[in-house]
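Descriptive structure summary
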Amino acid sequence: MGKKVKEDKKPPPDDVFDAISVESRQAGTVVLMLSSPEEDVQSKACEAIYKFVDKCDENKKQLLDLGAGEALLKLMQSEDRIVRRNACMALGVMTANPDVRKFLRKREESVPAFIQLLAPEEDTVVHEFAALGISNMATEFSSKASIFESGGVDALVKCLSSSDPDVQKNSVEALAQMLLDYQSRAAIRDADGLNPLLEMLKSEFSIIQKLSLLALDRASQDSENRSTLRDLEAMTVLVDFVAHPEWNDLHVMAVMVLSNLLEDLESLELVKETGGLKRLVALITDQVPPEEEPKAGTGKGEKKAGSRAAKKSAKGSKSGKKEESEKDEPPPGEAIIPTLPDVKMCAAKAIARSARSAENRKILHEQEAEKMLIHLLNHESTDVQTAAAQALGIMSENLLSKDSIREWEGLQPLIKLCNSDNGDVKESVTLALANLTTGNSSNCKEVSNLNGTETLIHLLADPRDEAVANTCCVLTNMATEEVLRSEAQGKGIVTALLEPLKSKNTRVQAKSSLAVAAYVCDVDSRSEFRNAGGIENMVQLLHSGNDEVRRNAAWALAVCAVDEPTAIEICKLGGMDLLQEIQVSGTRKNPFAEVALERLLDANLSAKYALTGQLSSTNVIEDGFYDAGQIRPNTKFMSIEDYCKQQLNDKRPVLFINAKADPVTTQSSSTQEMEAKESSKTNVSGKSSRTGREGKGKSKQKEKEEKQREEELQAQLQKEAEALATSENQPFNPPTDSNLLKYLEEVTERILPLATAAEQVRALAQFVADKMGGPIEKGQLPNFSWELPLSQVKFELKSNVIPIGKIKAGIHIHRALLFKALADRIALPCTLTRGEYNRAWNEVMLPETPEQPGGQKFPPRSFIVDLIHQPGGIMRSDSPEAVTYKKL
């Protein structure tokens with residue numbers, strides 16, 4: 001038979017080369033075969049290259065270096081279907097290598113070549129690998145632009161309807177990459193690609209479902225796409241997807257898509273009407289979902305009984321199959337399978353994201369979303385607790401939600417979680433409590449009833465800065481209630497706030513400063529804060545470069561400066577100087593610093609008069625006040641002790657008010673009286689003893705007297721040394737003014753009993769003028785000798801500080817100061833204003849016109865008191881006489 005066959009064979013023509021079979025194990029040889037004109041050789045070479053590059057990534061790079069990329073790209077456009085297929089398979093796999101993608105980006109025809117192979121007339125295998133190549137190339141932005149311009153989105157959307165799962169997988173993966181670009185999001189909507197993406201959620205391959213959800217997540221970031229998805233009832237489909245426990249590994253991605261959709265008010269209203277939101281809440285909280293009646297037109301979201309029964313052979317598929325579920329829904333009475341913690345966390349974040357809008361918060365409140373969040377607070381996962389607390393914090397911006405969370409016992413788990421070891425949990429929980437207690441006294445009281453005050457005070461020492469800042473906000477909100485404020489003060493909140501003030505975090509500094517301002521509102525708390533060293537920390541915060549920190553610190557200092565001891569402490573620590581610098585600055589100036597400076601000046605009238613040149617009728621001059629003259633706003637204000645320690649100079653003297661008797665003078669006078677009595681007794685005894693001692697010699701008596709004098713001199717020198725040593729250790733004693741004390745006694749006796757304020761003003765003005773040299777005629781003020789007597793007093797006292805009572809010849813600045821000091825002691829309201837060129841004047845408010853005492857009553861008016869020319873005269877503040885008095 002073999003011979004017969006041989007005889008039947010016809011010999012080949014002479015011009016035809018005999019067929020040969022070639023075996024090659026070198027990649028370079030196969031690459032050379034790609035250039036063969038024979039289609040069969042090209043096809044086999046492409047197939048061999050496909051198998052070789054599919055093994056590892058190094059093979060892809062090797063073939064690219066051998067020049068296979070150029071040849072394969074050319075063969076992808078061959079007229080032979082088999083050659084095109086094999087070339088597409090080889091080059092599609094090679095695109096997984098970044099060097100191959102870089103090579104293809106330089107070839108303008110590469111992207112159109114892949115997209116052309118997605119045409120419907122091409123084989124399914126060609127679609128699969130062409131989509132794979134586009135998917136790999138879409139990872140670079142420049143390639144995305146080329147794919148978009150070449151119409152790749154439309155071609156990929158058409159491939160979504162393919163029956164082959166590999167084509168679906170590669171196509172949806174390519175679309176997911178393309179949807180990172182905003183232009184592709186609009187293009188997929190125009191190509192009607194959103195509905196196929198929803199349909200692919202029913203696929204029996206988990207990888208396809210995952211990529212579909214990824215694509216939907218990116219597509220739903222566009223508002224118009226969200227509108228289209230609402231029309232396609234995407235939310236119903238997604239809620240149904242979450243209802244399937246066998247797909248729990250993909251529930252997180254489904255909830256992320258729902259989160260995007262719920263951002264729109266229209267989506268939230270739609271899911272509310274269909275009952276999908278309550279169903280989602282029930283699924284997240286592991287409860288039985290409410291029964292829903294099927295509605296007409298909702299078939300897109302329903303699961304068909306046999307939809308997952310079909311099985312496909314892999315064909316070398318890269319897609320992973322999920323296990324087929326026998327039933328789509330659990331039968332009635334079956335236990336509900338809990339959702340994964342990540343799903344719960346994403347659901348809470350979805351609620352938080354949707355609740356950023358006031359309208360959405362209202363709808364979520366109507367659907368009782370707070371109950372789900374409160375339920376999630378009790379979950380064991382810290383991530384779930386954090387997300388739920390954050391969502392509650394955002395929901396609590398709705399006034400009704402604040403009350404609902406309290407009524408549904410949501411505050412208790414929040415306070416309990418304040419003791420968590422997780423920093424994120426404490427941060428989110430304290431933020432929720434801060435929002436819940438803002439403007440809601442009922443929630444503040446409930447926090448206190450749940451023993452939350454002590455827990456919050458302990459949190460002030462937490463290392464987590466944001467948690468500390470939020471805690472300060474909660475405590476500040478609670479301080480609006482006096483009972484809660486007293487309770488917190490009793491538990492040591494004032495000293496506990498010192499630690500946050502030392503923080504380097506500006507938000508902690510700002511919030512803790514506000515808390516200090518809220519709790520140091522009484523004498524005891526301010527004293528406690530001052531003794532604990534809190535004033536120094538507050539003053540240091542004025543150096544901050546953060547505007548909010550400076551404002552809040554200034555406000556806290558304004559509250560503290562109400563007490564005179566605290567105000568003095570602030571001034572000692574340089575607080576007044578810093579506040580002056582802030583007010584002078586054009587960028588740091590703020591009204592809070594202005595208020596703080598005013599409070600400090602009200603507590604330190606000497607500084608106020610030196611800086612502002614004005615004392616109001618409510619600023620009562622007391623002992624210790626001194627007038628150092630006008631100083632510039634940015635100049636340091638010196639204390640009376642500093643002035644007393646200065647050497648005598650020729651500058652303007654400091655006028656001092658201290659109506660006290662000199663203790664040294666009183667003691668010396670009493671000592672002199674005692675010495676006089678003792679000397680008289682000695683003289684009497686001496687006279688009686690002389691009669692019996694006439695016989696003794698005078699020489700011995702003189703020796704005894706000299707010896708006694710030496711002993712007395714040494715004792716006196718020792719006493720002076722001891723007094724000098726003790727004086728250095730004793731506190732500073734300001735100079736006293738016995739003359740001013742006598743003035744006060746006289747004014748109290750003569751002027752205070754007068755019937756009307758006008759009579760008291762006139763009498764006091766005359767009294768002051770008499771003590772200061774009497775009236776001065778108009779035009780004779782330059783001839784009035786007051787400087788020489790004042791210099792003589794300075795020389796006698798050997799000090800630049802002169803008590804006001806020692807001045808016997810004074811002009812405007814001396815008389816106005818004395819008038820103000822005496823008037824304040826008899827409760828006669830008046831102001832003190834400094835003018836230019838040693839001018840000063842007092843203004844009083846009188847309830848009746850001075851010209852008609854006891855006549856018709858008028859509203860109180862401002863009058864200036866004449867202390868110079870006609871002592872006791874009163875002139876209207878806006879009159880020409882008053883203007884002349886101020887300037888001349």
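Bear in mind that the values here come from a model prediction, so they are computed numbers and not experimental data. (Residues numbered from 1 in each chain as written. Predicted model: local features only at pLDDT ≥ 70, side-chain atom pairs only at ≥ 80, totals over all residues. Heavy atoms only, no water.)

Within the fold, Gln509 resides in helix H34 (residues 506-519). Among the residues examined, Gln509 registers a relative accessible area of 10% and is labelled buried. A polar contact of 2.6 Å, which involves the side chain of Gln509, links it to the backbone oxygen of Ser503. Residues in contact with Gln509, not counting those within four places in the same chain, are Leu501, Ser503, Lys504, Leu541, Ser544 and Val549. (Helix = DSSP H or I, 4+ residues; strand = E, 2+ residues; numbered from the N terminus. Buried < 20%, exposed > 50% of the residue type's maximum accessible area, 1.4 Å probe, protein only. Polar contact = N/O pair within 3.5 Å; in protein donor to acceptor, adjacent residues only side chain to side chain. Contact = heavy atoms within 4.5 Å.)

Moving on, we come to helix H21 (residues 341-354). When the terminal C-alpha atoms of H21 are compared, their 20 Å separation across 14 residues agrees well with the 20 Å that a helix rising 1.5 Å per residue should span. Across the 14 residues that make up H21, a large majority, 10, are buried. Considered for burial, the residues of H21 that qualify are Val343, Lys344, Met345, Cys346, Ala347, Ala348, Ala350, Ile351, Ala352 and Ser354. In this structure, the buried residues of H21 make contact with helix H18 (251-261), helix H19 (265-274), helix H20 (276-284), helix H22 (358-366), helix H23 (369-377) and helix H24 (382-395). (Expected span 1.5 Å × (residues − 1).)

To continue, consider the sheet that holds strand S6 (residues 840-841). Reading across the sheet, the 3 strands line up as S1-S5-S6 and stay open at both edges, with antiparallel pairing between neighbours. Each end of this open sheet is capped by a strand with a single partner; those strands are strand S1 (614-615) and S6. Direction of pairing for strand S5 (residues 832-834) relative to S6: antiparallel, over a ladder of 2 bridges. Residue pairing in the sheet places Arg834 in a bridge with Ala840 of S6. (Pairing = 2+ DSSP bridges.)

Further remarks concern empty space enclosed by the protein. In the structure shown here, the tally under the stated rule is 3 cavities of 30 Å³ or more. Of the volumes computed, that of the largest cavity is approximately 50 Å³. If you go around the largest cavity, the residues you meet are Val255, Leu258, Leu262, Leu280, Val281, Ile284, Ala347, Ala350, Ile351 and Met372. Looking at the lining of the largest cavity, the elements that each hand over two or more residues are H18, H20 and H21. Its residues assigned to classes, the lining of the largest cavity shows 10 nonpolar, no polar and no charged. (1 Å grid on protein atoms, 1.4 Å probe; cavity = no way out; pocket = protein on both sides within 12 Å on 5 of 7 lines; lining within 4 Å. Points joined across faces, edges and corners; volume = space filled by probe spheres on them. Nonpolar A, V, L, I, M, F, W, Y, C, P; charged D, E, K, R; others polar.)

Throughout the structure, instances matching the rule amount to 6 aromatic pairs. A ring pair is formed by Tyr626 and Tyr643, whose centres lie 6.1 Å apart and whose planes are at 65°; its orientation type is edge-to-face. Of this pair, Tyr626 sits in strand S2 (residues 626-627) while Tyr643 sits in helix H42 (residues 640-645), and the two are 17 residues apart along the sequence. Of the two residues, Tyr626 and Tyr643, both sit in the buried class. Here Tyr743 and Phe767 contribute two aromatic rings whose centre-to-centre distance is 5.8 Å and whose plane-to-plane angle is 90°, an arrangement assigned as edge-to-face. Here Tyr743 is found in helix H45 (residues 738-750), whereas its partner Phe767 is found in helix H46 (residues 757-771), with 24 residues between them in sequence. If you follow Lys798 out to its NZ or CZ, it ends over the ring of Phe795, 5.3 Å from the centre. For Arg815, the ring lying beneath its charged end belongs to Phe784, and the centroid distance is 5.9 Å. (Phe/Tyr/Trp six-rings, centres within 6.5 Å; stacked < 30°, edge-to-face > 60°. Lys NZ or Arg CZ within 6 Å of the ring centre and 35° of its normal.)

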